[in-house]
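Below are the chains, spelled out letter by letter.
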Amino acid sequence: PVEESMASDEDAPELHPAKALPVDSAGQPEIATLVESAFECMSNSSWMQAAQILSTASHNRQNDPAILNNLGLALLQSALEMDSLNDPMSDSQYEAAIMALRQGAKIDSENNTILLNLSHALLVSGRAEKALGVIDFIRSRVSGNVEIENAMGACLIQLGRDEEAEAILRPYVHDAIVSTNLDLI
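Each value, and the rule that gives it
- Residues numbered from 1 in each chain as written.
- Predicted model: local features only at pLDDT ≥ 70, side-chain atom pairs only at ≥ 80, totals over all residues.
- Heavy atoms only, no water.
- Helix = DSSP H or I, 4+ residues; strand = E, 2+ residues; numbered from the N terminus.
- Rg over C-alpha atoms; globule rule 2.2 N^0.38 Å.
- Buried < 20%, exposed > 50% of the residue type's maximum accessible area, 1.4 Å probe, protein only.
- Contact = heavy atoms within 4.5 Å.
- Lys, Arg positive; Asp, Glu negative; His and termini not counted.
- Charge placed at Lys NZ, Arg CZ, Asp CG, Glu CD.
- Core = buried A, V, L, I, M, F, W, Y, C linked by side-chain atoms within 4.5 Å.
- Salt bridge = Lys/Arg side-chain N within 4 Å of Asp/Glu carboxyl O.
- Axes fitted to C-alpha atoms, helices over the stretch in contact; angles between N-to-C directions.
- Parallel < 35°, antiparallel > 145°, perpendicular 65-115°, else oblique.
- Left-handed = near helix turned anticlockwise from the far one by under 90°.
- Nonpolar A, V, L, I, M, F, W, Y, C, P; charged D, E, K, R; others polar.
- Expected span 1.5 Å × (residues − 1).
- Polar contact = N/O pair within 3.5 Å; in protein donor to acceptor, adjacent residues only side chain to side chain.

Here's the deal with the overall build of the protein chain
And then number 1: Each helix and strand in the protein chain was counted, giving nine helices and zero strands.
And then number 2: Mapped from its N terminus to its C terminus, the protein chain presents α and β elements in the order α-α-α-α-α-α-α-α-α.
And then number 3: For 185 residues, the compact-globule estimate of 2.2 N^0.38 gives 16 Å, and the C-alpha radius of gyration of the protein chain, at 16 Å, lies within 12% of that figure.
And then number 4: A burial count over the protein chain gives 49% of its 185 residues as buried.
And then number 5: Taking the contacts inside the protein chain whose residues are at least 6 apart along the sequence as the reference set, 59% of them involve residues at least 24 apart.
And then number 6: Here the protein chain contributes 10 positive and 28 negative side-chain charges, whose respective centroids are spaced 9 Å apart.

Looking at the nonpolar core
And then number 1: Ranked by size, the top nonpolar core spans 56 residues in total, and within it M42 and L123 carry the most contacts.
And then number 2: Those residues in contact with M42 that sit more than four places away from it in its chain are W47, A50, L54, N70, L73 and A74.

A short note on the pattern of salt bridges
And then number 1: Summed over all chains, the structure comprises seven salt bridges.
And then number 2: Salt-bridge contacts for D64 lead to R61; the nearest nitrogen and oxygen are separated by 2.5 Å. For the pair formed by D64 and R61, the shared burial category is buried.
And then number 3: The salt bridge involving R139 is made with E149; its shortest N-O contact spans 2.9 Å. In this pair, R139 sits in helix α6 (residues 128-141) while E149 sits in helix α7 (residues 146-158), placing the two residues 10 residues apart along the sequence.
And then number 4: Given a relative accessible area of 28%, R139 falls into the partly exposed group.
And then number 5: Owing to a relative accessible area of 6%, E149 belongs among the buried residues under this scheme.

Looking at the environment of T180
And then number 1: Here T180 lies in helix α9 (residues 176-184).
And then number 2: Judged by relative accessible area, T180 falls into the partly exposed class, the value being 33%.

Describing unusual backbone geometry
And then number 1: Located in the positive-phi region is S45, a residue other than glycine, with phi close to 60 degrees.
And then number 2: Mapping S45 onto the fold places it in the loop between α1 (29-43) and α2 (47-60).
And then number 3: With a relative accessible area of 41%, S45 lands in the partly exposed category.

A few points about the packing of α7 against α9
And then number 1: Look at α7 against α9: their axes get within 10 Å of each other, and the N-to-C directions meet at 15 degrees. Between α7 and α9, the interaxial angle falls into the category roughly parallel. Viewed along their axes, α7 and α9 form a crossing whose handedness is left-handed. Across from V146, N150 and I157 in α7, the residues of α9 making contact are I177, V178 and N181.
And then number 2: Residues belonging to the contact of α7 with α9 are distributed by class as follows: four nonpolar, two polar and no charged.

Some details on helix α3 (residues 65-84)
And then number 1: Over its 20 residues, α3 runs 28 Å from end to end, which matches the ideal 28 Å to within 8%, given 1.5 Å per residue.
And then number 2: Among the 20 residues of α3, 16 are classified as buried, and the element is accordingly described as predominantly covered.
And then number 3: Sitting at the head of α3, D64 places a side-chain oxygen 2.9 Å from the backbone nitrogen of A66.
And then number 4: Immediately beyond the C-terminal end of α3, within one or two residues, lies N86, with a positive phi of roughly 60 degrees.

Thoughts on the packing of helix α4 (residues 90-107) against helix α5 (residues 112-124)
And then number 1: For the pair α4 and α5, the least separation of the axes is 9 Å and the interaxial angle reads 155 degrees. By the angle class used here, α4 and α5 are roughly antiparallel. The two elements α4 and α5 cross, and the hand of that crossing is left-handed. Side by side, α4 and α5 meet where Y94, I98, L101, R102, G104 and A105 of the first sit next to I114, L115, N117, L118, A121, L122 and V124 of the second.
And then number 2: For the contact of α4 with α5, a count of residues per class yields 10 nonpolar, two polar and one charged.

Dropping the structure here:
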C-alpha cells in the first residue's frame, strides 16, 4: 500500500542526501558531454532538464547503472519539488524515479549506493514497507554505516515502530540528521 509521501509531512524523518555516481564515459565524448550538462543542470536545481538529458544519455548507452542512478535522482528531486507544490503529477515522477533506480540496481546489484537511493525514493514516495525490505538487504551486507542505519530508522519511524527506530538510531546520535530524527520519537 502506498501512503502519503513524506514531502508533505512536516514531522517526517530526515534522510542523508542521495548520491550521484560518476559515469565512465571513456571513448564516448557524446556521453561525457551529456553527463556534464546534466550535472550542471542538477547543480542549478533544474531537475527536469537534468532528467531529460540523462534520459538521452541512457538511451544512447543502455544499461549503464551509473546513468540510471543519476536519472533516478534527478527524477526523484523533480518529484519532491512537484510534491511540495501539491502537483498531482508528482506520483508519476516518483514512479519514474523508482523505475530508473530499480533498473540500475538490477544491472549492478552489488552497488549499495544505488540500492540506498532506491530505498530513499521508495520511502519518500510513501512506500515505507518496500523501502524497509531494500534497507534490510543492504544492512545484511554492510554494518555500522550511519546513512544506512538512519534510513532504516526513518522507515521504522514512518511505520510507527518508534522503539525499534530508537534502538537503531541511538548509537549514531552524534550525527546531526540522526539526532533530528531521534527528536521525532
